[in-house]
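What follows is each chain in one-letter form.
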Amino acid sequence: MVSVASSTISFLILSHNLSSFCVTVIETIVTIANWPAEYTLSDADTLLSRVCKNAGGRVVWINSRKRFGIVLFKSSADAQRCVQHVHNRKLRGTTLVARILRSDEDAEKIV
């Protein structure tokens, strides 16, 4: 189930706990794009894992052909810290682009 909360898209992952449902995780979506064109899927995964690991993110999707990936964070503060660390960073002649998805329209653009 996807819901918009505090102008940040969050995924509510529901788990069944005997007779009731409870929210177990709320995550914020960060997109990272524009890594060097010569990067393979493995290179992109390593890059995304390294830049987001310290901020508590986990890579959930990579499109190496479009040079685009999605990282989930448990807190919006961690996501913001990753964006500040990665956005506009130069890497082998390209400039990385990182941003937090903030609306349903943003989510529709990446699907």
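The structure contained in this document is the topic of the report that follows. (Residues numbered from 1 in each chain as written. Predicted model: local features only at pLDDT ≥ 70, side-chain atom pairs only at ≥ 80, totals over all residues. Heavy atoms only, no water.)

**Re the packing of aromatic side chains**
The tally for this structure, following the rule as stated, stands at one aromatic pair. Aromatic side chains Trp61 and Phe68 sit 5.9 Å apart centroid to centroid with 70° between the ring planes, which places their arrangement in the edge-to-face category. We classify Trp61 as partly exposed; its relative accessible area is 37%. (Phe/Tyr/Trp six-rings, centres within 6.5 Å; stacked < 30°, edge-to-face > 60°. Buried < 20%, exposed > 50% of the residue type's maximum accessible area, 1.4 Å probe, protein only.)

**So, the pairing of strand β5 (residues 68-73)**
Burial analysis of β5 places six of its six residues in the buried class, which makes it a mostly covered element. Neither face of β5 is open: one carries Phe68, Ile70 and Leu72, the other Gly69, Val71 and Phe73, and all of them are buried. By the bridge criterion, five bridges tie strand β4 (residues 58-63) to β5 in an arrangement that is antiparallel. Residue pairing in the sheet places Arg58 in a bridge with Leu72 of β5. Here β4 folds back onto β5 in antiparallel fashion, the turn holding four residues, of which Arg67 has a positive phi close to 55°. (Helix = DSSP H or I, 4+ residues; strand = E, 2+ residues; numbered from the N terminus. Pairing = 2+ DSSP bridges.)

**Notes on unusual backbone geometry**
Here the phi dihedral of Arg67 falls at roughly 55°; this positive angle occurs in a residue that is not glycine. With respect to the helices, strands and loops of the structure, Arg67 is situated in the loop between β4 and β5.

**Considering the nonpolar core**
Nonpolar side chains in soluble globular proteins tend to end up buried together. Formed by 21 residues in total, the largest nonpolar core has its most connected members in Ile32, Trp35 and Phe73. For this core, the secondary-structure elements that each account for two or more residues are β3 (20-33), α1 (41-53), β5, α2 (76-86) and β8 (97-100). No other element matches the five residues that α1 contributes to this core. The residues touching Ile32, leaving out its near neighbours within four places in the chain, are Leu48, Val51, Cys52, Arg67, Phe68, Gly69, Val71, Cys82, Val86, Val97 and Ala98. (Core = buried A, V, L, I, M, F, W, Y, C linked by side-chain atoms within 4.5 Å. Contact = heavy atoms within 4.5 Å.)

**Side note on α2**
When we look at burial in α2, the residues that qualify are Ala79, Cys82, Val83 and Val86. On an axial view of α2, the arc spanned by its buried residues comes to 100°, and they lie on one face. In α2, those exposed residues whose orientation departs by more than 90 degrees from the buried face are Ala77 and Gln84. (Arc of directions from axis to C-beta.)

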